[in-house]
Amino acid sequence: MITKQQLVVVGNGMAGARFVEDVLARGGRDRFSITMFGEEPYGNYNRILLSSVMAGSHDPKDIFLNSLGWYEENGVKLHAGVRVGWIDRLSKKVYAPGGVTAAYDKLVIATGSSAFVPPMGGLYDQSGEFKPGVFAFRTLDDCDRMIKYAGKARRAAVIGGGLLGLEAARGLLNRGLEVHVVHLMSYLMEAQLDALAGGMLHRLLEKMGVRILLEKFTTAVLGDDAVTGLAFKDGSKLDCDMVVISAGIRANVDLAKQSGLTVERGIVVHDDLSCRNDTNVYAIGECAQHRGQVYGLVAPIWEQARVLADVLTGGNKRALYTGSRVSTKLKVMGIELAVMGDKDPKREDDEVVTYVEPSRGVYKKLIVREGRLAGAILLGDGLAAPRLLQVFDREDPMLDDRSELLFPMSGEAKTPSVAEIPDTAQICNCNGVSKGKIVAAVKAGCRTVKAVCDATRAGTGCGSCKPQVQAVVAFACDGAVEEDPAAHYYVPGVALTKPALIKAVREQDLRSVSAVFKGLAGGREDLGSKVGLASLLKTVWGKEYEDERDARFINDRVHANIQKDGTFSVIPRIYGGVTSPEQLRRIADVAEKYNARMVKITGGQRIDLLGIPKEKLPDVWNDLGMPSGHAYTKAFRTCKTCVGTDFCRYGVGDSTGLGIKIEKRFQGIESPHKMKLATAGCPRNCSEATTKDIGAVAIEGGKWEVYIGGAAGSRVRKGDVLCIVDSQDDVLKCMGRFMQYYRENGKYLERTYDFVERTGIDALRRLLVDDADGICARLDADIQAAVDAYDDPWTESRKPVHPNQFAGTVAVAGR
Ligand SMILES: Cc1cc2nc3c(=O)[nH]c(=O)nc-3n(C[C@H](O)[C@H](O)[C@H](O)COP(=O)(O)OP(=O)(O)OC[C@H]3O[C@@H](n4cnc5c(N)ncnc54)[C@H](O)[C@@H]3O)c2cc1C
Ligand code: SF4
């Protein structure tokens, strides 16, 4: 029997995890027992996309590359949330707090970098932690904390006008803050840009609303208990309530230093990535220094991971890493900026070609050395970037007519069609994937873009090459690209679309989430699918649904909305927003008795009692004696109403009466996402019914317009008129029909406005008004059944479903 070698990897970031993937892909599981240590308590995620999470264009859950389950499935022992504190190179062991040790034959250090925090006063509180309001921008937890804090902050300062600082600034701007970038140097991104480009970028950012302070040396963060501002060396100050430090990175090398490895700016490695003074220890990623260079971008790091996997698995024992040429893009929505290589000439005979168009913010600069591209800055023109990157990466000889590269749409040098691009052309820079590799993957049987990306890894880094990858796949498939079927699954863990899943659930009589996994997914339970399945089963079975509490979020387990401090918010139902002095008195008494930290009127005209501890929830509900407002779950929420005919002199319809009827009928109806409704007594639309998920607006002649798919949140969309009806009863019928159709066909967490756009209003009218498919009677009956199945969840106050349902401490579910 072959004894496996012990391979230990310290650092579960983009280098460490990629290296382990590469080892496994080369059959390394037969050769090594693999143990990983990661200080962050998660699987591996795409750190690059933190900027997109900050900007709100990606959800944190979507940036994970390797879930915790992936390590288990691949036989990798991961110590998640464990920081290695010591390496004993004599006994070949690593040590972590709590007595965790691991012996190694081969050790790979991939500890990455940390945000560099320049010395300044007032950064820390008494416990030595950052003062509330001060953040670094490096990890998912940093990002999480920043997003939460940004929700209550007004004005943020980002210290550092480099790539990451500007991405953080854009993210905060997207979140509605006034944002100031404080930069030490005389222009932005001085490491990658020259002064002219830096100045133009400055103006573009200012146009977006970012305020920029240059040549400012920050001496202190002001504020006793939390940030109130910044003080600068020139004596000036800036008021702000949040500070993000993005002043560069420092390689995490303490561990290597303590164990006597040679460290300069990074851990010094040879071309085979072994450490200078210990050939059983290797370093890759941002912590490694190779030929004097420490890289801070993912493309060279993944190249190092590949080479080291070749070396260690014997796939190619002589594989060597010889360095990388680096290029990068600024991921700030609305600004096209790509930079590569040198920003300025370095030799006397370097040729510099520039084109400047200040009014449009276009700046292009090439540095040509010995007939090849040594560097480029491309601001305000995304079209020229792919071609330039190719010429740079492959060190192609430059065309004599430089302008053909700078202006790809003019003259001879129009952008080449996919067919004209050579097979060696690099499409994905982060992963070094060429057109030829993508075409080969298609020839090997990958027919969907996702399958090609999975097979080649193209598009899995910063993602900016995705359109090109799609184009090459389409070309290689001769136009016959297949759609990824998984894109249509209702949940990732069960390979069925929602209608097919509902059919199978009914046919096989599957009434619990575990029964669905058993019946339709070969018994494989998928954590990420549970909540969506629970929602669907409730829709299908109503009262007959077999509830399993582990398939619910904390909010749904205790029927209240968890707040950032672990307390809960309680919103009783007030039908149609119409209350009474008696009800108000009761609410006030309860608020006083249970010390609600805040009593707030919500956007949906309801009263929110905030700051209630979990264990007090049953008493609060009992004392209120009102039904649950369902403000915590994916369900019908509220129906906002205007005063309508009873009091308003413009009213042509009884919007309040209708709102109450709607709320009484549809309370507690679960759906793929929350549904906010409203009724308006006339087209003046005071209750904003046209921008709700479903709305009804009274018009002349006693008629009502029924709107669907409106939005007035992060996205604003006027709803589409589904139909015009003659009576309140017809409004109720038509709303219920749409709700049931949405319940059956909406993807989990798909709001009505996305659903309506995806399905098309014409198709919905045909189905739900003209009854083209003859489904209306069934939809009407099914929504009626759901209405009949309504149970107020707050009755669980008298009869908890689980002894610990309302026990004191709250464990907020991790990722
Ligand atoms: C917001 C942001 C945007 C970025 N955008 C881009 C971009 O557009 N393009 C690009 O190419 N690059 C970008 N980068 C850089 C890229 O993410 C890094 O180059 C890459 O993550 C480096 O990989 P790494 O594995 O060396 O380090 P990391 O990904 O930082 O991983 C190191 C891991 O090791 C862990 N660790 C450290 N010490 C220990 C210890 N003693 N024990 C156990 N675990 C330890 C750390 O907690 C961390 O999880 C961006 C980075 C950030 C933060
Ligand atoms: S929408 Fe019309 S009826 Fe309702 S309050 Fe406004 S003006 Fe009056």
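Data block above holds the structure.
## Digging into the pairing of strand β22 (residues 278-283)
Examined bridge by bridge, strand β9 (residues 106-109) and β22 share three bridges and lie parallel to one another. Note that in β22 the partner of V108 across the bridge is Y282. As defined by bridge partners, strand β21 (residues 274-275) adjoins β22 across two bridges and the pair is classed as antiparallel. Its bridge partner lying in β22, C275 is registered against D278. What sits between the antiparallel neighbours β21 and β22 is a turn of two residues.

## Description of the sheet that holds strand β18 (residues 242-245)
Strand order in the open sheet formed by five strands is β11-β18-β12-β13-β14, with parallel pairing between adjacent strands. In this open sheet, the two strands that pair with only one neighbour each are β11 (134-136) and β14 (211-213). Put simply, the sheet's adjacent strands are angled 20° from each other on average, direction ignored. Relative to β14, strand β13 (residues 178-182) runs parallel, the two being bridged by three bridges. Residue pairing across strands places V181 opposite I212, the latter belonging to β14.

## Some points on the sheet that holds strand β37 (residues 694-699)
Strands sit in the order β35-β36-β37-β38-β41 across an open sheet of five strands; the sheet is mixed. Edge positions in the open sheet fall to β35 (636-641) and β41 (720-725), since each of these has one partner strand only. Strand-to-strand twist across the sheet, computed as the mean angle between neighbouring axes with direction ignored, equals 20°. Where β37 lies against strand β38 (residues 703-708), six bridges are found, and the strand directions are antiparallel. Its bridge partner lying in β38, A698 is registered against W704.

## Overview of the nonpolar core
Most often, soluble globular proteins keep nonpolar side chains buried together rather than apart. Ranked by size, the top nonpolar core spans 76 residues in total, and within it F19 and I109 carry the most contacts. The dominant element in this core, judged by the number of residues it contributes, is helix α9 (residues 298-313), at nine residues. Among residues more than four places away in sequence, those in contact with I109 are V10, I87, A256, L261, I267, V281, Y282, A283, I284 and C287. M146, M189, I212 and L379 belong to the second largest nonpolar core, which has 47 residues in total.

## Considering unusual backbone geometry
Positioned with a positive phi, H630 is a non-glycine residue whose angle comes to about 55°. In this fold, H630 is placed in the loop between α20 (617-624) and β35. Classification of H630 as buried rests on a relative accessible area of 6%. Of note, N685 is a non-glycine position whose phi angle comes to about 60°, a positive value. On the accessibility criterion, N685 (16% relative accessible area) is buried.

## Things to note about the site of ligand 2
In the vicinity of ligand 2, the residues found are C642, V643, G644, C648, Y650, G651, G681, C682, R684, N685 and C686. For the shell around ligand 2, the residue count by class is six nonpolar, four polar and one charged.

## A word on the environment of C639
Its location among the elements puts C639 in strand β35. Put simply, C639 and Y575 are 64 residues apart on the chain and 7.7 Å apart in space, counted from C-alpha to C-alpha.

## Some details on the site of ligand 1
Surrounding ligand 1, one finds 32 residues, the nearest of these being A15, E40, R138, E286 and K331. One nitrogen or oxygen atom from the main chain of G296 is found 3.4 Å from an oxygen atom belonging to ligand 1. K331 is positioned such that a nitrogen or oxygen atom in its side chain is 2.5 Å from an oxygen atom of ligand 1. In the complex, 95% of the free accessible area of ligand 1, which totals 990 Å², lies under the protein chains. When contributions to the shell around ligand 1 are tallied by element, the ones reaching two or more residues are α1 (14-25), β2 (32-38), α3 (50-55) and α9. Counted by class, the shell around ligand 1 contains 15 nonpolar, 10 polar and seven charged residues.

Analysis parameters
- Residues numbered from 1 in each chain as written.
- Chains lettered and ligands numbered in written order.
- Predicted model: local features only at pLDDT ≥ 70, side-chain atom pairs only at ≥ 80, totals over all residues.
- Heavy atoms only, no water.
- Pairing = 2+ DSSP bridges.
- Helix = DSSP H or I, 4+ residues; strand = E, 2+ residues; numbered from the N terminus.
- Axes fitted to C-alpha atoms, helices over the stretch in contact; angles between N-to-C directions.
- Core = buried A, V, L, I, M, F, W, Y, C linked by side-chain atoms within 4.5 Å.
- Buried < 20%, exposed > 50% of the residue type's maximum accessible area, 1.4 Å probe, protein only.
- Contact = heavy atoms within 4.5 Å.
- Near = heavy atom within 4 Å.
- Nonpolar A, V, L, I, M, F, W, Y, C, P; charged D, E, K, R; others polar.
- Polar contact = N/O pair within 3.5 Å; in protein donor to acceptor, adjacent residues only side chain to side chain.
- Areas by Shrake-Rupley, 256 points an atom, 1.4 Å probe, with all protein chains shown as cover.

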